[in-house]
Amino acid sequence: MIKKIRSGGDFVGYIESLEELMKRIENMDRDNSVFQFSIAGKGKFTLVLQEEEEDSIKLDAEKNPQLKQMIQESKNEYKEGKGMSTSELLRSFSVKDFE
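Quantities reported herein were computed from a predicted structural model and do not represent experimental measurements.

**Q** Please give an account of the pattern of salt bridges that cites residues and values.
**A** For the structure on display, the rule yields 4 salt bridges. Across the pair R24 and E20 runs a salt bridge, and its minimum N-O distance is 3.6 Å. A residue pair is termed a helical-turn pair when its members lie 3 or 4 positions apart in one helix, as R24 and E20 do in helix α1 (residues 18-26) at 4 residues. With a relative accessible area of 24%, E20 lands in the partly exposed category. In this structure, the salt-bridge partner of R30 is D60, at a minimum N-O distance of 3.4 Å.

This is how it looks when you write it as structure tokens:
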């Protein structure tokens with residue numbers, strides 16, 4: 001089972017399947033650009049939708065200190081080799097993760 005930690009700062013519930021996770025990713029947009037969740041036995045994950053326009057990301061982060069902190073943490077972890085692509089993340093899942 002995948003536990004959703006927060007979306008926009010609020011606890012929302014649980015992700016029950018890979019299909020639901022993909023649906024959440026597909027529904028991400030500029031206003032819903034950060035998604036945090038944890039997977040038992042894997043750890044915590046933060047997905048950040050990054051637009052191609054760097055200036056708009058900077059403006060959004062300056063307006064939202066929590067988003068700015070999450071982006072900085074994500075960049076630091078990527079530099080430390082802790083990051084993975086979406087494809088790598090999806091390949092790491094098994095049916096057991098959704099039990």
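**Q** Please provide a residue-by-residue account of the pairing of strand β3 (residues 34-39), values included.
**A** With 6 of 6 residues buried, β3 is to be regarded as a mostly interior element. Residue alternation in β3 divides its side chains into two sets, V34, Q36 and S38 and F35, F37 and I39, and both sets are buried. With 6 bridges joining them, β3 and strand β4 (residues 43-48) adopt antiparallel strand pairing. Paired with S38 across the bridge in β4 is K44.

**Q** Tell me about the environment of I15, and please be specific about residues and values.
**A** Secondary-structure assignment places I15 in strand β2 (residues 13-15). Separated by 83 residues in the primary sequence, I15 and F98 place their C-alpha atoms 8.2 Å from one another.

**Q** Just give me the short version of the nonpolar core, but keep the residues and values in it.
**A** By size, the foremost hydrophobic cluster in this structure holds 11 residues: I15, L21, M28, F35, F37, I39, F45, L47, L89, F93 and F98. Put simply, the parts of the chain that give this core at least two residues each are β3 and β4. Considering each element in turn, this core owes the most residues, 3 residues, to β3. Ignoring anything within four residues of it in the chain, the contact list for F45 reads F35, Q36, F37, I39, M84 and L89.

**Q** Break down the environment of L18 for me, with residues and values.
**A** Tracing the backbone shows L18 in helix α1. On the accessibility criterion, L18 (29% relative accessible area) is partly exposed. Considered as a pair, L18 and F93 are 75 residues apart in the sequence and their alpha carbons are 8.1 Å apart. Excluding its chain neighbours within four sequence positions, the residues that come into contact with L18 are L90, F93 and F98.

**Q** Got a sec to walk through helix α3 (residues 65-79)? Specific residues and values, please.
**A** If you check α3, its first and last C-alpha atoms are 21 Å apart, about what 15 residues at 1.5 Å a residue would give, namely 21 Å. Residues L67, M70 and I71 constitute the buried set of α3. One face of α3 carries all of its buried residues, which in axial projection span an arc of 100°. Seen from the buried face of α3, the exposed residues on the opposite side, beyond 90 degrees, are P65 and K79. Between the side-chain oxygen of the N-cap and the backbone nitrogen of Q66 there are 3.0 Å, and the N-cap of α3 in question is N64.

About the criteria used
- Residues numbered from 1 in each chain as written.
- Predicted model: local features only at pLDDT ≥ 70, side-chain atom pairs only at ≥ 80, totals over all residues.
- Heavy atoms only, no water.
- Salt bridge = Lys/Arg side-chain N within 4 Å of Asp/Glu carboxyl O.
- Helix = DSSP H or I, 4+ residues; strand = E, 2+ residues; numbered from the N terminus.
- Buried < 20%, exposed > 50% of the residue type's maximum accessible area, 1.4 Å probe, protein only.
- Pairing = 2+ DSSP bridges.
- Core = buried A, V, L, I, M, F, W, Y, C linked by side-chain atoms within 4.5 Å.
- Contact = heavy atoms within 4.5 Å.
- Expected span 1.5 Å × (residues − 1).
- Arc of directions from axis to C-beta.
- Polar contact = N/O pair within 3.5 Å; in protein donor to acceptor, adjacent residues only side chain to side chain.

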